[in-house]
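# A closer look at the structure
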2 protein chains.
Amino acid sequence: MKLYTYFRSSAAYRVRIALNVKGIDYDSIPVHLLQDGGQQLLPAYRAVNPSALVPALDDDGAILTQSLAMLEYLDETRPAVPLLPGDALGRARVRALALAIACDAHPLTNLRVLKYLKNTLGLSDEAKQEWYRHWMAEGLAAVEALLAQGDPAGTGLFCHGDSPTMADCCLVPQVFNAQRFAIDLAPYPRVARIHAHCAGLPAFAAAHPSRQPDAE
Amino acid sequence: MKLYTYFRSSAAYRVRIALNVKGIDYDSIPVHLLQDGGQQLLPAYRAVNPSALVPALDDDGAILTQSLAMLEYLDETRPAVPLLPGDALGRARVRALALAIACDAHPLTNLRVLKYLKNTLGLSDEAKQEWYRHWMAEGLAAVEALLAQGDPAGTGLFCHGDSPTMADCCLVPQVFNAQRFAIDLAPYPRVARIHAHCAGLPAFAAAHPSRQPDAE
């Protein structure tokens, strides 16, 4: 198993957590999003992933794209440590939490969007920061509300019950981003509590950007 | 089954297609995103879906959020007409196509973002249109590249083979949006061909925004 990754990519971070939680060995192939005008845009990487986005997962020659599709695939093909609960409504809840982050929060705050705001729209640093804070706050508030709604029936030590799921694989990288931009987590006590619990676990800690071979 | 929907919401449109393809009867409950300051923001709807986003799905009292989580749930609980292929790599491919639209393309062009560009950043209509065209083009190009990579091994009459999947449930609403903004589909021949094929099918046609009870 090979993971094309960038240490600070949220989507790659999700997959690193899932691989670690499941105890799957993998090799990291760094793709630097800021060097060479963005190594993900070079022909060599486009041949791997034509979307030109990180991460990509190589499972014995089969190339997978999209972090959440990878998590589902890993769960189907390596089910020993499941990332989804056993019941359909529980799975829907976990996926909804993961998607609330992956579809509603993260896409508005990632690197290519921030570059467009600065380079194409000519936004000031202040306006860019305000954009970031706005969409991060919207996203975290939505996740907190979903967690509160399922509290205590669904929410436990983790987003869903007392073992990690796909939702936690998404929540931890999103909070990492929030912390980088000094977002106050006080309005999101469940998010903060679950993040703190996960951060202390070896599988999550080993996936942290600062622990990657390409970390700066 | 009840679907909280808005006729022009891409995410609701995806779920309407899935329900129709599977032949599941449902009642539409319109939530108007532009009336009353956005009916999705009112306490009555937040009690249903605390994310304040459309759609929400009510299956006998159980409330589901996030369109892709609904598609997975419908496929698990009503498997007679599957929306995912039988093999793990095929499922990963279909999910990657769906997520390329739902995570990478659509979030940047939806109503709440366009409102922020106009109301908060004070962007001109021209700059707003350019934003829309830019991210729509990025998204459609990524989907076209994924389809081309799987052509002919994966891509068929539909995004994956010759029966509809979750990928088609996402592709058709995205193309509907592109057409509303007069985006030229010529650079995306596979996207255009699959859209045209789907559009002619009753299950897809009945889910079209113009055919909804709240259509304007």
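Residues numbered from 1 in each chain as written. Chains lettered and ligands numbered in written order. Predicted model: local features only at pLDDT ≥ 70, side-chain atom pairs only at ≥ 80, totals over all residues. Heavy atoms only, no water.

## Quick look at the UniProt feature "domain: GST C-terminal" (unreviewed entry) in chain A
UniProt feature "domain: GST C-terminal" (unreviewed entry): in the numbering of this structure it lies at residues 87–216 of chain A. As annotated, residues 87–216 of chain A comprises 64% helix and 0% strand, and the C-alpha atoms at either end are separated by 41 Å. (UniProt positions renumbered as here; feature names shortened; annotations may be inferred. Helix = DSSP H or I, 4+ residues; strand = E, 2+ residues; numbered from the N terminus.)

## A word on the sheet that holds strand β1 (residues 2–5) of chain B
Residue and element names in this part refer to chain B. As summarised here, the arrangement of the 4 strands in space is β2-β1-β3-β4, forming an open sheet in which the pairing is mixed. The open sheet has two edge strands, β2 (27–30) and β4 (62–65), and neither has a second partner. For this sheet, the mean angle separating the axes of adjacent strands, direction not counted, is 20°. Bridging between β1 and β2 involves 4 bridges; their strand directions are parallel. (Pairing = 2+ DSSP bridges. Axes fitted to C-alpha atoms, helices over the stretch in contact; angles between N-to-C directions.)

## Concerning the sheet that holds strand β2 (residues 27–30) of chain A
Residues and elements named next belong to chain A. The strand order across the open sheet formed by 4 strands is β2-β1-β3-β4, and the pairing between neighbours is mixed. Either end of the sheet is taken by a strand with one partner, and the two such strands are β2 and β4 (62–65). For this sheet, the mean inter-axis angle between neighbouring strands, taken without regard to orientation, is 20°. With 3 bridges joining them, strand β1 (residues 2–5) and strand β3 (residues 56–59) adopt antiparallel strand pairing. Looking at the pairing, L3 lines up with L57 of β3.

## As for empty space enclosed by the protein
According to the stated counting rule, one finds 1 cavity of 30 Å³ or more in the structure shown. Empty space within the largest cavity amounts to approximately 140 Å³. Secondary structure elements with two or more residues in the lining of the largest cavity: α3 (67–77) and α4 (88–105) of chain A together with α3 (67–77) and α4 (88–105) of chain B. (1 Å grid on protein atoms, 1.4 Å probe; cavity = no way out; pocket = protein on both sides within 12 Å on 5 of 7 lines; lining within 4 Å. Points joined across faces, edges and corners; volume = space filled by probe spheres on them.)

## Details of the pattern of salt bridges
Throughout the structure, instances matching the rule amount to 20 salt bridges over all chains. Among the ionic pairs, E138 of chain A bridges to R112 of chain B, the shortest N-O distance being 3.6 Å. Taken as a pair, E138 of chain A in helix α6 (residues 125–149) and R112 of chain B in helix α5 (residues 111–120) lie in two separate chains rather than in one. Among the residues examined, E138 of chain A registers a relative accessible area of 36% and is labelled partly exposed. The partner of D58 of chain B in a salt bridge is K2 of chain B, and the shortest N-O contact between them spans 3.8 Å. Here D58 of chain B, found in strand β3 (residues 56–59), pairs with K2 of chain B, found in strand β1; they are 56 residues apart in sequence, far enough to count as distant. Judged by its relative accessible area of 10%, D58 of chain B is buried. Among the ionic contacts, a cluster of salt bridges with common partners joins E72, E76, R91 and R95 of chain A together with E72, E76, R91 and R95 of chain B. (Salt bridge = Lys/Arg side-chain N within 4 Å of Asp/Glu carboxyl O. Buried < 20%, exposed > 50% of the residue type's maximum accessible area, 1.4 Å probe, protein only.)

## As for the interface of chain B and chain A
Taken residue by residue, the interface counts 43 residues in chain B and 43 residues in chain A. Buried surface at the junction of chain B and chain A, both sides included, amounts to about 3,800 Å², of which 67% is carbon and sulfur. Of all residues in chain B, Q66, R112 and Y116 of chain B give up the largest surface area on contact with chain A, accounting jointly for 16% of the area buried on that side. Inspection of the region where chain B meets chain A yields 8 salt bridges. Note that R95 of chain B is salt-bridged to E76 of chain A, the shortest N-O span being 3.0 Å. Our count for the chain B to chain A interface comes out at 8 residue pairs in polar contact (both at pLDDT 80 or more). Looking at the side of chain B that touches chain A, the elements that each hand over two or more residues are α2 (43–48), β4, α3, α4, α5 and α6 (125–149) of chain B. The biggest single contributor to the side of chain B that touches chain A is α4 of chain B, with 11 residues. When its residues are assigned to classes, the side of chain B that touches chain A shows 29 nonpolar, 6 polar and 8 charged. (Contact = heavy atoms within 4.5 Å. Buried area = accessible area lost by both parts, 1.4 Å probe. Polar contact = N/O pair within 3.5 Å; in protein donor to acceptor, adjacent residues only side chain to side chain. Nonpolar A, V, L, I, M, F, W, Y, C, P; charged D, E, K, R; others polar.)

## Overview of the UniProt feature "domain: GST N-terminal" (unreviewed entry) in chain A
Here, UniProt's "domain: GST N-terminal" (unreviewed entry) annotation points to residues 1–82 of chain A. Secondary structure content for residues 1–82 of chain A is 35% helix and 20% strand, while the C-alpha to C-alpha distance between its ends is 18 Å.

## Structural notes on the domain arrangement of chain A
All names here are of chain A. Annotation of chain A at the domain level lists domain 1 (2–81) and domain 2 (88–204). Summarising the inter-unit geometry, the C-alpha centres of domain 1 and domain 2 are found 20 Å apart. Contact with domain 1, which involves 15 residues of that partner, is made by 19 residues of domain 2. Of the roughly 1,600 Å² buried where domain 1 meets domain 2, counting both sides, 69% is carbon and sulfur surface. A per-residue breakdown of the area domain 1 buries against domain 2 is headed by Y13, R14 and I17, which together make up 33% of the total. (Domains from an automatic or database assignment.)

## Description of the environment of A80 of chain B
Residue placement: A80 of chain B occurs in the loop between α3 and α4. In this structure, the C-alpha to C-alpha distance between A80 of chain B and V31 of chain B, residues 49 residues apart in sequence, is 30 Å.

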